[in-house]
Amino acid sequence: MTGTAQLALLFLDVDGPVIPFGAASQPYPTYAADPELPCADGNPLVARINPEHGPRLAALPCDLVWATTWMADANACVAPRLGLPQLPMVEWPEPSRTDEQDARDGLHWKTRALVSWAAGRAFAWVDDEITDADRSWVAAHHHGRALLHRVDPRRGLTDGDFVTLDSWLRRQ
C-alpha cells in the first residue's frame with residue numbers, strides 16, 4: 001500500500017497561548033507591527049503577539065486550526081501578525097444542556113467539539129484552560145492520538161511549549 005500519513009491537527013487557542021494575559025507583576029512585551037496590518041489600531045492586546053511564533057508554528061509538522069472564540073478575527077487580526085496564512089477554524093456549536101452538565105463535571109466547553117472536529121485524527125490542543133477532566137474525556141472518547149497541552153496564560157507560548165509540541169507531533 002502506498003500513500004503518506006495524514007498530519008496531526010494542532011488546535012490553537014489565541015487568548016493565553018498567543019496573547020499572554022494575567023500576570024500582575026510585570027508589563028508584557030509588545031511587538032511593533034506594520035501599521036497597515038489589520039487591527040493595528042483596534043484591540044491593544046494584539047501588540048502582545050510575538051511575531052516569532054508564526055514561523056515556529058508553521059514549522060511544526062501538523063495542520064494548524066484556530067480553536068478560539070476569536071473566530072474570523074483570528075484570521076483577520078492574529079494570523080497576519082504571525083505571518084501565517086488563513087487557517088481553518090473550529091465553528092463552535094450553540095450551547096446546550098450537555099454543556100451545562102459538562103461544566104459541572106469540569107469538562108471544558110471546547111472539548112466535545114474538538115474531538116468531533118478531529119473525527120479520529122491525531123490532534124494536539126493548545127489552550128490555557130485544559131484540565132484533567134478534559135484529558136480523561138478525550139482518552140475515553142477519541143480513538144486517535146491526542147495531546148492536550150496547557151499553556152500558562154501569564155507567559156503564553158514558550159520555547160518549552162514548542163519543544164513539547166514538536167516532539168509529540170514527530171512521534172506519529
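All values derive from a computational prediction rather than experimental measurement.

Engineer: Is there a simple way to explain the nonpolar core in this structure?
Structural biologist: Nonpolar side chains in soluble globular proteins generally cluster together in the buried interior. Judged by nonpolar contacts, the single largest core of 31 residues is most densely connected at Leu10, Leu57 and Trp66. Sorting the residues of this core by element identifies β1 (8–12), β2 (62–66), α2 (72–82), β3 (123–127) and α6 (159–170) as the ones contributing at least two each. A total of five residues in this core trace back to one element, the largest contributor, which is α2. Core analysis: the next-biggest nonpolar cluster, separate from the first, contains 17 residues, Phe11, Ala113, Leu114 and Leu148 among them.

Engineer: How should I be thinking about the pairing of strand β4 (residues 146–150) in this particular structure?
Structural biologist: For a regular strand, side-chain orientation follows a simple rule: the groups alternate between the two sheet faces. For β3 and β4, the ladder comprises five bridges, and the chain directions are parallel. Bridging from a neighbouring strand, valine 126 pairs with histidine 149 of β4. The parallel pair β3 and β4, bridged by helix α5 (residues 132–141), forms a crossover whose chirality is right-handed.

Engineer: I tried to follow the state of the cysteines on my own but got confused; where do I start?
Structural biologist: What makes a disulfide is a covalent bond joining the sulfur atoms belonging to two cysteines. Summed over all chains, the structure comprises one disulfide. Shown here is the disulfide that connects cysteine 39 with cysteine 77, its sulfur atoms set 1.7 Å apart. One end of the pair, cysteine 39, is in the loop between β1 and α1 (53–59); the other, cysteine 77, is in helix α2, and 38 residues separate them in sequence. In this structure cysteine 77 comes out as buried when scored by relative accessible area, which is 5%.

Parameters at a glance
- Residues numbered from 1 in each chain as written.
- Predicted model: local features only at pLDDT ≥ 70, side-chain atom pairs only at ≥ 80, totals over all residues.
- Heavy atoms only, no water.
- Core = buried A, V, L, I, M, F, W, Y, C linked by side-chain atoms within 4.5 Å.
- Buried < 20%, exposed > 50% of the residue type's maximum accessible area, 1.4 Å probe, protein only.
- Helix = DSSP H or I, 4+ residues; strand = E, 2+ residues; numbered from the N terminus.
- Pairing = 2+ DSSP bridges.
- Right-handed = clockwise from strand over helix to strand, strands pointing away.
- Disulfide = S-S within 2.5 Å.

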